Amino acid sequence: MTAECVKLINNLIDDLNSMSIMNVIVTAVSFFGSLFGSREEECRREIECIEAKLAKLKEIITLLEILREISSNDDAMKILKKIISLSNALTPNAIVNTEKINNLRTKLEKISNLLKQITILFNGNTGAGKSAIFNWLINNEFKESYDATIKHKKFEKDDVIYYDTSGAMKEDTEELKRNLVGRRVVAVYVFDISKYNQDETMKYIQMLKNQNEKFDNKLEIVAIGTHANKSKYTLLEIQNLQNHIRYQGVRCRIYELNPQEKKDFHPELSNIAIQDFILGKNE
Ligand SMILES: Nc1nc2c(ncn2[C@@H]2O[C@H](COP(=O)(O)OP(=O)(O)OP(=O)(O)O)[C@@H](O)[C@H]2O)c(=O)[nH]1
Ligand SMILES: [Mg+2]
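Quick caveat, the model's predicted, so the values are computed rather than measured. (Residues numbered from 1 in each chain as written. Chains lettered and ligands numbered in written order. Predicted model: local features only at pLDDT ≥ 70, side-chain atom pairs only at ≥ 80, totals over all residues. Heavy atoms only, no water.)

Colleague: Could you give me a rundown of empty space enclosed by the protein, with the residues and numbers involved?
Modeller: Taken as a whole and judged by the stated rule, the model has one cavity of 30 Å³ or more. Every residue along the wall of the largest cavity is listed here: Met-1, Thr-2, Cys-5, Asn-73, Leu-114, Leu-115, Gln-117, Gly-182, Arg-183, Arg-184 and Lys-218. Taken together, the residues of the lining of the largest cavity sort by class into four nonpolar, four polar and three charged. Both domains that meet at the lining of the largest cavity, namely domain 1 (3–115) and domain 2 (117–278), each give it at least three residues. (1 Å grid on protein atoms, 1.4 Å probe; cavity = no way out; pocket = protein on both sides within 12 Å on 5 of 7 lines; lining within 4 Å. Points joined across faces, edges and corners; volume = space filled by probe spheres on them. Nonpolar A, V, L, I, M, F, W, Y, C, P; charged D, E, K, R; others polar. Domains from an automatic or database assignment.)

Colleague: Can you break down the site of ligand 1 residue by residue, with the values?
Modeller: Taken together, 22 residues form the shell around ligand 1, and within it Lys-130, Lys-143, Tyr-146, Thr-149 and Glu-256 come nearest. For ligand 1, an oxygen atom lies 2.8 Å from a polar atom in the backbone of Gly-127. Between ligand 1 and Thr-149 there is a distance of 2.8 Å, counted from an oxygen atom to a backbone nitrogen or oxygen. A total of 650 Å² of accessible area belongs to ligand 1 in isolation, and the protein chains cover 92% of it. Among the cavities detected, the one that contains ligand 1 is the largest pocket. Considering every element that reaches the shell around ligand 1, the biggest residue donor is helix α5 (residues 130–139), with three residues. Split into classes, the residues belonging to the shell around ligand 1 amount to six nonpolar, 11 polar and five charged. (Near = heavy atom within 4 Å. Polar contact = N/O pair within 3.5 Å; in protein donor to acceptor, adjacent residues only side chain to side chain. Areas by Shrake-Rupley, 256 points an atom, 1.4 Å probe, with all protein chains shown as cover. Sits in = over half its atoms within 2 Å of the grid points. Helix = DSSP H or I, 4+ residues; strand = E, 2+ residues; numbered from the N terminus.)

Colleague: Before we move on, can you summarise the sheet that holds strand β3 (residues 160–164) with the specific residues and values?
Modeller: Pairing is mixed in the open sheet, where six strands are placed in the order β2-β3-β1-β4-β5-β6. Taken across any chain shown, the strands that pair with only one partner, and hence form the sheet edges, are β2 (153–157) and β6 (251–254). Within the sheet, the average angular offset between the axes of one strand and its neighbour, ignoring direction, is 20°. Across the sheet, α5 is in contact with β1 (118–123), β2, β3, β4 (184–192) and β5 (219–226); its angle to β3 comes to roughly 150°. (Pairing = 2+ DSSP bridges. Axes fitted to C-alpha atoms, helices over the stretch in contact; angles between N-to-C directions. Contact = heavy atoms within 4.5 Å.)

Following this line, the structure appears as structure tokens:
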């Protein structure tokens, strides 16, 4: 659970607790009303109705407290669905008015969006092709020019956030990673296969695997090779290289990112196809 999510949940719990207190006050007022107004039956029904609402609010609060402690996204989504269905069953009265209910639903939707978000983070050596892939994802085209990335860049679309970074183990990237702890992150290791160094690649993948623990085991690792044309590898050699990396339990695909080069060799080059591969949707 990210700090942002926990803050929203705490905020909601405070809102609901104040609603509950208001309900208790109303209950007391109704009770004394019954004593002095001798409309016993009417008051009893009113009290029962308030008690039922109070129980629902308490159930929502308890579930929010459980949700706050959960690290698995799937489990969190299940609990959140329960909370949403309870909140949908709330009907407005003098205390839990329409505005408060709408406010509760808006906040629950925000939490749901945060839980659904996936972050794609590019890692790898300088000049490997991180920005070229980032550009494919954003603009759906190949970027020929090279401007070294100094500070990370962010791009957000639907439930996916992409971060292009300055590369391997630089402070800017490491700081960004620290801020992403608790989120679902796909770390994409980008490497230039024309400069392929098996030891370095294995070391890098291992380093990412070691970071997984910090991410509550929510860090997925994907490897993308680039510069297939410059490498002069044959198709068979490229396949062998891909398989060798896949053997480490990591999704891997090797690309020639320039559609004009090595035309006989192209995994589908488009923003959708590349994103689907990264998210494991077309395996
Ligand atoms: N032909 C070809 N060029 C590529 C490929 N991948 C990257 N390039 C080019 O290589 C150069 C470096 O690529 P970038 O994507 O900027 O590299 P980077 O990993 O972002 O590098 P830093 O920002 O310095 O960390 C650019 O000119 C790209 O156009 C590829 O698969 N084929
Ligand atoms: Mg770059």
